[in-house]
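Geometric and topological summary
Listed below are the residues making up each chain.
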Amino acid sequence: MFASTAAVAAPDPARGEYVFHMSGCASCHTAEGGAFLAGGRRLTTPFGDFLVPNITPDPDTGIGGWSAADLVRAMAEGVSPSGGHYYPSFPYTSYTRMRHEDIADLKAYLDTVPAVRNDVGPHELGFPFSVRLGNFFWKLLFFSPGPFVADPARDAEWNRGAYLVNGPGHCGECHTPRNILGGLDHDRALAGATLPEGDGGKVPSLRGLDWSVEDFVWAFETGLLPDGDALGSSMADVITENTSKLTDADRRAIAVYLKSLSALSTD
Amino acid sequence: MRSIVNRRAGFVAACTALALAVGAAGALAQDVVQQRKDLMKSNGAAMRAIGDVVKAGGTLDAAAIADKAAVVRHNATKIVALFPAGSTSERALPAIWEKPDEFKDWAMKLETAAAALEQAAKDNKLGDGKALVGAVGATCGGCHKAFQKPAS
C-alpha cells in the first residue's frame, strides 16, 4: 500500500525541505553542537535514556540505504526496515497522520543533506523498557495508525491547521499529557503537560488561550508572546527551526485550528 | 575599666560594621537581581510595543519602532554586568556563570539584532518588519533556553 501511494508523484526535495520544517525533525535529530541531523542527542526520560539516531544519508550509520517506502513505514507505522518496533520517543504516533506523499518528499530532501558518519549507540533503558518487543504491545494499547482525515464540516484552512498540528507538527507529543506508560491522553489533547524528557518542566495548554489569530502567527514567526516575553525552553528551537520557516498561510491555519479548540487545562 | 568599656564598645562597633557590610552585600545582590528583572521587563514591554505596531500591519510607525529598539539595544549592553558571580536567583541557571563567554555572546547578539532593527526603522527599510523583529525574538528565546530555567 505504501509503494503505491509514494509513487503517485515524483518526490520533490524542495517540497521535502518544507515538510522537514513542518515536521520539526531537527529539534531532536541534531545534537547540541553536533552535525546537522547526525543524531546523538540524549533524551533523558523516566524510562531511561533514548539516543536519537542519525538520519543523514550515510549508508552505514544513517538512513542512506532506506527507500521512501521504508521512511513511510517508519513514520506511519513505527516499524523499522528490519521489522523492529520503534519506541514512541520517535513520534510516529503523530507522524502516522501525515500524507505519504509528504513523507516521500521528505525522504527526497533528506537524501540531499551531507552524509555524516556518526554511529549512535543503542538506547540506554532499564528493564523492562529495554525489551523492544514491549513496543508491540504498547502500540496495541496506545497507537492508532492512519492518515489525517479532514472534517468536511470545517473549511480548508481549519483542516490544514489540524493536519499540521496533529500530524507533522507533533505538538501533542509535548503539549498533551501522558499516562504512566507514556501513552497520550487524547481526551485532554493539547491541554498542557509535563515535558516527557529532560528537566520535566511544565508545558502550557494551547486550548483557551486569550490570543488573537495575529498573536499566534506573531509568536510562531518571532517567538514573542503577546506580552513581549520570549518563548524559551525547547520551544525556542521549535520557533527558529520550524514555525518561523512556514508560510504565513500555514501559521495562520495552525492559529485558526488552535483557537477553535474548547478551553481546557490539565492543571 | 575604661579600657574594657572601650574595648567592648570597639567590639560592638566592629560587629555592627560587619553586620552592616554583610547586610549591604546582601542588599546589593538583591538589588542587582531586581535591576535585571526590571531590565528584562523593560525589554518585554518594548518588544510588546513593537509587536503591537507590526501586528497591526499597514504603514508601520517607524519612529515608535526605532525608539523601542533603541531601548532594547541599550538594555542589552547592561545585561552581563547585572549577573555578577554569586548573584543567583530562582530562574537564573548556573550556566550563566559556567559559560560566561557564551552568555556574553548572546547579550552581544541581542544588541546587534536590536541595532539592526533600530537602523532599519530610521532608514525606513523595515519592510513588514517581521524578519527583523523575529531576529531579535530569536536571540531572546535562544538565550532564555540556554540560561533561564523554564517557568514552573
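The shown structure was predicted, so the numbers you read here are calculated from the model rather than taken from an experiment.

Moving on, we come to the pattern of salt bridges. Where charged atoms from two side chains of opposite charge come close, those side chains can pair. Residues and elements named next belong to chain B. According to the stated counting rule, one finds 24 salt bridges over all chains in the structure shown. The salt bridge partner of Lys37 is Glu90, with a shortest N-O separation of 3.8 Å. One end of the pair, Lys37, is in helix α1 (residues 2-56); the other, Glu90, is in the loop between α2 (62-76) and α3 (95-98), and 53 residues separate them in sequence. The partner of Asp105 in a salt bridge is Lys109, with the nearest N and O atoms 3.9 Å apart. Placement of the pair is Asp105 and Lys109 together in helix α4 (residues 100-122), with a separation of four residues, close to one helical turn. The exposure class of Asp105 is partly exposed, given its relative accessible area of 40%.

Evaluated as defined, the whole model comprises 16 aromatic pairs over all chains. The interplanar angle of 50 degrees and the centroid separation of 5.1 Å between the aromatic rings of Phe20(A) and Tyr109(A) together place this pair among those described as tilted. Residue Phe20(A) is located in helix α2 (residues 13-23), and its partner Tyr109(A) is located in helix α6 (residues 100-110); the two are separated by 89 residues in the primary sequence. Judged by relative accessible area, which is 10%, Tyr109(A) ranks as buried. Plain terms: the ring middles of Phe103(B) and Phe147(B) are 5.1 Å apart, the flat faces sit at 75 degrees to each other, and that makes the pair edge-to-face. In this pair, Phe103(B) is assigned in helix α4 and Phe147(B) in helix α5 (residues 130-147), connecting sequence segments 44 residues apart. For Phe103(B), a relative accessible area of 6% translates into the label buried.

Attention shifts here to the confidence of the model for chain B. The predicted coordinates should not be examined in detail at positions where pLDDT is low. Here chain B averages 87 in pLDDT, and 80% of its residues register 70 or above. Interface predicted TM-score (ipTM) for the complex: 0.79; the corresponding pTM is 0.87.

Relative to each other, helix α10 (residues 213-222) of chain A and α5(B) sit at 65 degrees, their axes nearing to 8 Å. Considering the angle they form, α10(A) stands roughly perpendicular to α5(B). Contacts between α10(A) and α5(B) pair Trp218(A), Glu221(A) and Thr222(A) from the former with Lys130(B), Val133(B), Gly134(B), Gly137(B) and Ala138(B) from the latter. Taken together, the residues of the contact of α10(A) with α5(B) break down into three nonpolar, three polar and two charged.

Here is what the cut-offs are and how they apply
Residues numbered from 1 in each chain as written. Chains lettered and ligands numbered in written order. Predicted model: local features only at pLDDT ≥ 70, side-chain atom pairs only at ≥ 80, totals over all residues. Heavy atoms only, no water. Salt bridge = Lys/Arg side-chain N within 4 Å of Asp/Glu carboxyl O. Helix = DSSP H or I, 4+ residues; strand = E, 2+ residues; numbered from the N terminus. Buried < 20%, exposed > 50% of the residue type's maximum accessible area, 1.4 Å probe, protein only. Phe/Tyr/Trp six-rings, centres within 6.5 Å; stacked < 30°, edge-to-face > 60°. pLDDT = per-residue confidence, 0-100. Axes fitted to C-alpha atoms, helices over the stretch in contact; angles between N-to-C directions. Parallel < 35°, antiparallel > 145°, perpendicular 65-115°, else oblique. Contact = heavy atoms within 4.5 Å. Nonpolar A, V, L, I, M, F, W, Y, C, P; charged D, E, K, R; others polar.

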